[in-house]
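Coordinate inspection notes
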Amino acid sequence: MASPYPASTGHAAPRADAAPGTAPDLAAVAGLLADDTRARFCLALLDGRAWTAGELARHAGVAASTATSHLNALVAGGLLTEVRQGRHRYVRLAGGRVAAVVEDLAALAPVRAAPVRTLSAAGRRRALAFARTCYDHLAGTVGVAITDAMVGRGLLDDEQGLSLTPDGADWLTGLGITVPRGTRRPAVRPCLDWTERRTHLAGAVGAALCAHALAARWLTPAGTARALALTPEGHTALRTHLGLDLGAATAPAAGTTGARLSRS
């Protein structure tokens, strides 16, 4: 029986309405992300929330007027959308496709590790690498380990791209996870993880699984960034449903992956 969800290679199909002899202006999009401040804004917005210009200015360490200028460029270029509520202006990424581009570029970019001068800063960095949200799906050590476990158990097929198998669809139904159908968003998409340098599960299935994990409190927000903490309930659930043993329900020590796959 064929999977009810289409496979995805992670690449968008060519636009059917593109005129002959035309080409996308890739340089214009690349130019928007070539500025360090604008890039930091987009990385911060990977948490899926809407931020104010003032919040992003403080995050990037720039003046409010500078932040406003950069945000106007990102909105005009289609990477961000603007939401106004009364006198307040919020911005967020313009959807999952933009988030995927930002995360994929982050995985390809060289890592500029800032000096860690406090134990709390080191802890935040480890927590972010261990588990975090990537827009609306799971990333980090936990996200990659879940993806690997799903492939190992035949819930995902990675032979030609990444696709959900019939067993995978039944597994989601058994957990009470409903994946939206009939949307333009691919059901399954591989996303290159910028800390693990391997793929984790994105797309509609990845988003639905992330939403379920947060609602069931398998994972809970850790601080104000997009880092997540694995709860004792989450440790038990992942071992029960995926045969996945992540050891202690906390971020691993630096230099370890903290993940072991077991069969049960």
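These lines cover the structure that appears in this document, whether it is placed above or below. Values in this document were obtained by computation on a predicted structure and should not be read as measured data.

All right, on to the packing of helix H2 (residues 36-44) against helix H4 (residues 64-76) then. Interhelical geometry of H2 versus H4 gives an angle of 70° and a closest axis separation of 10 Å. It follows that H2 is roughly perpendicular to H4 by the angle criterion. Where H2 approaches H4, its residues Thr37, Arg38, Phe41 and Cys42 are matched on the opposing element by Ala67, His70, Leu71, Ala73 and Leu74.

Our focus in this paragraph is unusual backbone geometry. Unusually for a residue other than glycine, tyrosine 135 sits at a positive phi of about 65°. Of note in this structure, arginine 217 is not a glycine but carries a positive phi near 60°. With respect to the helices, strands and loops of the structure, arginine 217 is situated in the loop between helix H9 (203-215) and strand E10 (219-221). Given a relative accessible area of 54%, arginine 217 falls into the exposed group.

Together, Val101, Leu105 and Leu108 line one region of the surface with nonpolar side chains, adding up to about 290 Å² of accessible area. Along the polypeptide, valine 101 turns up in helix H5 (residues 96-108).

When you line up the elements, threonine 133 lands in strand E4 (residues 132-134). Classification of threonine 133 as buried rests on a relative accessible area of 10%. When residues no more than four places from it in sequence are discounted, the contact partners of threonine 133 are Leu46, Asp47, Cys210, Arg226 and Leu228.

This part covers H9. Look at H9: 18 Å from first C-alpha to last across 13 residues, which is about the 18 Å you get at 1.5 Å a residue. Buried residues dominate H9, accounting for 10 of its 13 residues. Residues of H9 that are buried: Gly203, Ala204, Val205, Gly206, Ala207, Ala208, Leu209, Cys210, His212 and Ala213. After H9 finishes, the residue arginine 217 shows a positive phi value of roughly 60°.

Across the sheet, which stays open at both edges, the three strands sit in the order E1-E3-E2 with antiparallel pairing between neighbours. At either margin of the open sheet sits one strand with a lone partner, and together these are strand E1 (51-52) and strand E2 (80-85). Bridge count for E2 against strand E3 (residues 88-93) is six bridges, and the pairing is antiparallel. Paired with glutamate 82 across the strands is valine 91, a residue of E3. Together, E2 and E3 form the strand contacts of H4, whose direction differs from that of E3 by roughly 55°.

Conventions adopted
Residue indices begin from 1 for each chain and proceed along its sequence in written order. This being a predicted model, a pLDDT of at least 70 is required before a residue's local features are given, and a value of 80 or more before pairs of side-chain atoms are given or counted; all residues contribute to the totals for chains, interfaces and linings. Only heavy atoms go into the side-chain values, all of them from the structure, while hydrogens and water stay out. Lines fitted to the C-alpha atoms define the axes, with helices restricted to the stretch that makes contact. Angles between their N-to-C directions range from 0 to 180 degrees. What counts as a helix is a DSSP run of H or I of at least four residues, what counts as a strand is a run of E of at least two, and both are numbered from the N terminus. Note on terminology: angles under 35 degrees are roughly parallel, angles over 145 are roughly antiparallel, angles of 65 to 115 are roughly perpendicular, and the others are oblique. By definition, residues are in contact when any of their heavy atoms lie within 4.5 Å. Each residue is placed in one exposure class: buried if its accessible area under a 1.4 Å probe, protein chains only, is under 20% of its type's maximum, exposed if it is over 50%, and partly exposed if it falls in between. Here the term patch refers to residues with relative accessible area over 30% and no salt bridge, with like charges joined within 9 Å and nonpolar side chains (Val, Leu, Ile, Met, Phe, Trp, Tyr) within 5 Å. The method behind every accessible area is Shrake-Rupley, applied with a 1.4 Å probe, and residues are considered shielded solely by the protein chains displayed. Salt bridge, as used here: a side-chain nitrogen of Lys or Arg that lies within 4 Å of a carboxyl oxygen of Asp or Glu. One less than the number of residues in a helix, times 1.5 Å, gives the span that helix is expected to have. Only strands that DSSP links by at least two bridges are regarded as paired with each other.

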